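Residue-level structure breakdown
Each chain, letter by letter, is given below.
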Amino acid sequence: MDGTALKDRPKSDTQREAVIRVRNLTNQFGEQVVHENLNLDVWRGEVLGVVGGSGTGKSVLLRTIVGLNKPKAGSIEVLGVDVLNGPEEDRQRIERSWGVAFQDGALFSSLTVLQNVMAPLREHTGISESLMAALGGLKISLVGLPHLSCSKFPSELSGGMRKRAALARALSLDPEIVFLDEPTAGLDPIGAAAYDDLIGELQHALGLTVFMVTHDLDSLYAICDRIAVLAEKRVLVEGPIEDMTKVDHPWVQEYFTGPRARAAQQKG
Amino acid sequence: MIRLKILACLNNSIAVTRRLTSHTAMTRPTITSESDATGVCIRIAGDLRTQSLDHVEEDFAALRPNGQDVVVDMAQVQSLDTGGAWLVANLVQRLGSSGAQVRLEGLDPAHSSLIETVSHNISEMTGDELPPRGFVNWVARIGEKTFGAWQDTLSIVGFLGLTLHRLVRTLIMPWRLRRAALVSQMEQVGFKALPIVSLMGFLIGVVLAFQGATQLKQFGAEIFVVELISISILRELGILLTAIIVAGRSGSAFTASIGSMKVQEEIDAMRTLGLDPIEVLVIPRVLALLIMLPILGFVADMAGLIGGALMSWIDLGVSPGMFLTRLKENTGVAQLAVGMIKAPFFALVIGVIACWQAMQVKGSSESVGQRTTASVVQSIFMVIAIDALFSIFFSELGV
């Protein structure tokens, strides 16, 4: 993948439009405060990588934005719609304009891969069965799965294939925003690099905005336009990866200047 | 790499299209076609997006090649996603298959590349592989199922042998027994089942007395209700119904819990740690059933007799004292023994089938559900079948 092409896109403040706007978000489970007054913007057409140590609430943030977790306080706007308190109709429309790929795929185990990808189409569009199958097959082909895997069940796929199938399902309604939870965790380096390329490629071709929770430094260097670091219950710092090494915070320093980061940087 | 470069030039223009359309209402897509002497002109307009394709899908399919050259005018298309691009690419492919020239006009460069990407991916796809049909396949499927059933029978008998071997080894070397697991299983299987089993027994006694009374009154032979109740409950119903309840209650629990462990690879983990899953998981469960099922059966018998005696007293005026006397005189302990002797067999069947089904779980959590259902159905069926065998056996013996 031609990494520089991705990073050279113009990003002046006047041009960017926030598709996700999180304000003063507070999440609390029992006594434990996960987020406190967290603010985050995701701009249209960017790949945002969210990083942070274990237990800093990366996945909780993702789940909160897509409405799986009700926060204690704060507001979340997606494409200009208040997802927490907005009218039901608007929220349903918004739900069709994002796709979520969960960490282990979360494919429906009783359906084949093709049926999994067709499920959102069946639910939200009025198109015919044969067109659904054709579009499902197209998405499966786009994510680089062989056509043979259409008729397989999720349990017959390898971990990496399941992640791809989950991405195909997330893309089935041609969403504007794609949420990915640890997309490369558990993949071998070659598989992970291929997945990174795939996301970059699809993001470019389909004009997606990608919100990605990840631990993978290679992914961060290869495809992320911007990085948000979660620490101390908020977004500690956000910006392009080059800026991360200049941040004066022990965790950020260790994360972005450690031996693994240096190796990833050389590759990227 | 070529594909990547095609893709790379797309982004900005699509993003522009998106920006224009995402906040305004979508325009319904339309397609019109007119033909003249020179060829056919197809006009597409509006938002050609997956969510609005149902309006034009049939119109697209209705367009068929007629040998003339085609111009597709897409200048009025406001936005396009992969679904719309697929329809256009498919149209071009179909119309072009007759050898006619198909040209796309007025295309936004972004849309053009998207259509190119999509058609690249369609060409890789062939028709769907449908499962083969026909008489030969029907016969083949029957053969497969029969063979599978035979294999399952062999496997379950093997599993029974394995379980018995481990059971005997545990009896010889009792220190290998997992006592904590055994006690906890006994609580789950036996103690917690006491209320439902005794209630069931009580109600069966009541029903038998009630039904028997109405029939026996016609002959003035009310007093025989005691034999009716005691023999049918002690010999058959008490233990049979208890076994059925336990199969539904504990058999399903065994399959579900061991089955989910199988899905989570816990069983494999045990094997790598040098633990024998049969010894750790199966033996405590089967042993708990072997110990508790006779006890539960006995409780059900007693509850049944109490229910029967109570109903006989209320409905027929047979006093509890009279009931007890006739019970002692005309129904020997042999009747109880005939019933109780079946309990360990039922217990073994329920335990072995439930654990074997659990070991057959593969891959998904859905498989756990299927195996649990199969486990309950099979063990109830086997319990009834064994009961029938015992019936024949005892009547031949004249017991």
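Please read all numbers here as calculations on a predicted model, not as lab measurements. (Residues numbered from 1 in each chain as written. Chains lettered and ligands numbered in written order. Predicted model: local features only at pLDDT ≥ 70, side-chain atom pairs only at ≥ 80, totals over all residues.)

All names here are of chain A. When strand 1 (residues 18–29) meets strand 2 (residues 32–43), the two strands line up antiparallel, connected through eight bridges. Its bridge partner being in strand 2, Phe-29 is matched across the sheet by Gln-32. Hairpin remark: strand 1 followed by strand 2, antiparallel, with two residues in the connecting loop; positive phi at Gly-30, about 60 degrees. As defined by bridge partners, strand 1 adjoins strand 4 (residues 73–78) across five bridges and the pair is classed as antiparallel. (Pairing = 2+ DSSP bridges. Helix = DSSP H or I, 4+ residues; strand = E, 2+ residues; numbered from the N terminus.)

This next bit is on the packing of helix 4 (residues 113–124) of chain A against helix 5 (residues 129–142) of chain A. Residues and elements named next belong to chain A. Look at helix 4 against helix 5: their axes get within 9 Å of each other, and the N-to-C directions meet at 120 degrees. Classified by the angle their axes make, helix 4 and helix 5 are oblique. Between helix 4 and helix 5 lies a crossing of right-handed hand. Facing Val-113, Leu-114, Val-117, Met-118, Leu-121 and Arg-122 of helix 4, the residues of helix 5 in contact are Met-132, Ala-133, Leu-135, Gly-136, Gly-137, Lys-139 and Ile-140. (Axes fitted to C-alpha atoms, helices over the stretch in contact; angles between N-to-C directions. Parallel < 35°, antiparallel > 145°, perpendicular 65-115°, else oblique. Left-handed = near helix turned anticlockwise from the far one by under 90°. Contact = placed C-beta atoms within 7 Å.)

Let's shift gears to the sheet that holds strand 4 (residues 102–105) of chain B. Residue and element names in this part refer to chain B. Pairing is mixed across the open sheet formed by four strands, whose spatial order is 1-2-3-4. Edge positions in the sheet fall to strand 1 (30–35) and strand 4, since each of these pairs with one other strand and no more. Each adjacent strand pair in this sheet contributes to an overall mean axis angle of 15 degrees, direction not counted. Relative to strand 3 (residues 70–80), strand 2 (residues 40–48) runs parallel, the two sharing eight bridges. Considered in strand 3, the bridge of Leu-48 is made with Leu-80. With respect to the sheet, helix 4 (residues 82–96) is in contact with strand 2, strand 3 and strand 4, its orientation differing from that of strand 4 by roughly 150 degrees.

This brings us to the environment of Leu198(A). Residue and element names in this part refer to chain A. Assignment of secondary structure puts Leu-198 in helix 7 (residues 189–206). The class of Leu-198 is partly exposed, set by 19 C-beta atoms lying within 10 Å. Here the alpha-carbon distance between Leu-198 and Val-143, two residues 55 residues apart in the chain, equals 6.8 Å. Setting aside chain neighbours within four positions, we find Leu-198 in contact with Val-143 and Gly-144. (Buried ≥ 20, exposed ≤ 12 C-beta atoms within 10 Å, placed from the backbone.)

Here we come to the environment of Leu121(A). Residues and elements named next belong to chain A. With respect to the element layout, Leu-121 can be found in helix 4. The exposure class assigned to Leu-121 is buried, which follows from the 24 C-beta atoms found within 10 Å. Expressed as a C-alpha distance, the spacing of Leu-121 and Ser-172, which sit 51 residues apart in the sequence, is 6.9 Å.

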